[in-house]
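These are the residues of each chain, in order.
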Amino acid sequence: MRIDIITIFPDYFAPLELSLIGKARAAGILDIRLHDLRSWTHDRHNTVDDTPYGGGPGMVMKPEPWGEALDAVIGAGRATPDQGSSPDTPDGTPGPGAVPRLVVPTPSGTPFTQERARRLSEEPWLVFACGRYEGIDSRVAADAARRMPVEEVSIGDYVLAGGESATLVIVETVSRLLPGVLGNAESAVQDSFATGAMENLLEGPVYTKPAHWRGLEVPPVLLSGDHGAVDRWRRHEALRKTARNRPELLRALAEAGMAGLDRRD
Ligand SMILES: N#Cc1c(-c2ccc3ccn(Cc4cccnc4)c3c2)n[nH]c1N
C-alpha cells in the first residue's frame, strides 16, 4: 500500500518510522511519503491560510496550495505514455494509471470505524489531506472529487487542532490490518470489534506471566488448558466488559441477535 500525507507539519509523522509501521516500511509492505504543503506556495511567507469568507473566527486553508499539491502528488502516480493504465500491480501497489482515495480528516466527517479501516486496508493507494486552522477551503474536496474518491472522516466526537493526529490514528489502524504487518504473535483477528464469535464486543481482560503478582491471581481457567472453557470465559468477559463500558453496542447486537446472547454454552 502506498500512503501519501500532505501536511504543514511533516515532523508530526516521525512516529511512522517506529515499531510495526517502521518495520513494514522497511520491508516494502508500506510506502509512506510525506509532503510539506508549503512546497506549493509561492509567496515570501509560504502562506497557506486566509480569513474566512462570510466572517467568523480563525483562518481557513487556501485552496491553491492544496490544488497544486494534489495535482503533483497524484499526477506523479498517473500513467505515462509508455506505461499501461492498470490501476494497480499484482502486489497491490498502485500502477501507473491508478488514482488514490483521498482521505480528509475533519470534525464534520463520517465516523471512522474498524469496519472502515478494514475497507481502507484493501485500497492500493491512500492520500491524506491534513488540515489545520478552521479547516480546508471546501472547494479542494469538491475539485478532488472530480477525479478520485474522496472520504471526509472523523475519528471521534471531540475537536482536535488539526488533521495530523487523526491521520496517525487512521494510518496505524489501517496498516496493522495489512498482511505481514502484525507478526504471528499478534493478530488483528482477536481485536475488539473483530469478526466472528466476539464480533463487535470489547476485548476482555488479558494476562501473562507471572501467575501470581502482588497478591493478584490469573483466573484459573486460563491456566487450565481447556481451550473450550477458555473461549467461553473470554466471551463471557467480553460481554461483561461491553455491557459495562458500551451498553449501546450490546443493545445493537442483541437486536441483531449477533452477540450469541441466546447461546446456552
Ligand atoms: N478527524 C478528525 C477530527 C478533527 C479535526 C480534523 C482536521 C482538522 C483541521 C483543522 N481542524 C481544527 C478545527 C476544524 C474545524 C473546527 N474546529 C477546529 C481539524 C480538526 N477534530 N476532531 C476530530 N475527530
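Presented here is an overview of the structure given in this document. Along each chain, the written sequence defines residue order, and numbers are assigned to residues from 1. Given that the model is predicted, a residue must reach a pLDDT of at least 70 before its local features are reported, and side-chain atom pairs must reach 80 or more before they are shown or counted; all residues, however, enter totals for whole chains, interfaces and linings. Excluded from the side-chain calculation are hydrogens and water; included are all heavy atoms of the structure.

This part takes up the overall build of the protein. Within the protein, the secondary structure is distributed over seven helices and nine strands. For every residue, the accessible area (1.4 Å probe, protein chains only) is compared with the maximum for its type, and the residue is labelled buried under 20%, exposed over 50%, or partly exposed between those bounds. Residues counted as buried form 40% of the 265 residues belonging to the protein. Sequence-distant contacts in the protein: of pairs separated by 6 or more residues, those separated by 24 or more amount to 71%. About 15,200 Å² of surface is accessible on the protein, with carbon and sulfur atoms providing 54% of the total. Counting from the N terminus, the helices are the DSSP runs of H or I reaching at least four residues and the strands are the DSSP runs of E reaching at least two. Note on contacts: a residue pair qualifies if any of its non-hydrogen atoms lie within 4.5 Å across the two residues. Under the convention used here, a 1.4 Å probe and the Shrake-Rupley method define accessible areas, while residue burial counts only the protein chains that appear.

This paragraph deals with helix α7 (residues 247-256). For α7, every residue scored as buried is listed here: L249, L250 and L253. Taken down its axis, α7 places every buried residue within 95° of arc, on the same side. The outward face of α7, more than 90 degrees from its buried face, is lined by the exposed residues R251 and E255. Packing partners of the buried residues in α7 comprise α6 (227-245). A positive phi of about 65° marks G257, the residue just after α7. What the arc describes is the spread of directions from the helix axis to the C-beta atoms.

Turning our eyes to something else, we now look at the pattern of salt bridges. As a working rule, side chains carrying opposite charge can pair if their charged atoms are close by. The rule for a salt bridge is simple: a side-chain nitrogen of Lys or Arg has to be within 4 Å of a carboxyl oxygen of Asp or Glu. All told, the structure shown has 16 salt bridges when counted by the stated rule. A salt bridge links R119 to E151; the nearest nitrogen and oxygen atoms lie 2.8 Å apart. Taken together, the residues R119 in helix α3 (residues 114-120) and E151 in strand β7 (residues 150-154) connect sequence positions 32 residues apart. Its relative accessible area of 35% is what places R119 among the partly exposed residues. Judged by relative accessible area, which is 6%, E151 ranks as buried. Here R246 and E248 are joined by a salt bridge, their closest N and O atoms 2.5 Å apart. One network of salt bridges, in which partners are shared, links R101, R116, R119, E123 and E151.

Fair warning: the whole summary comes from geometry, so function is off the table for now.
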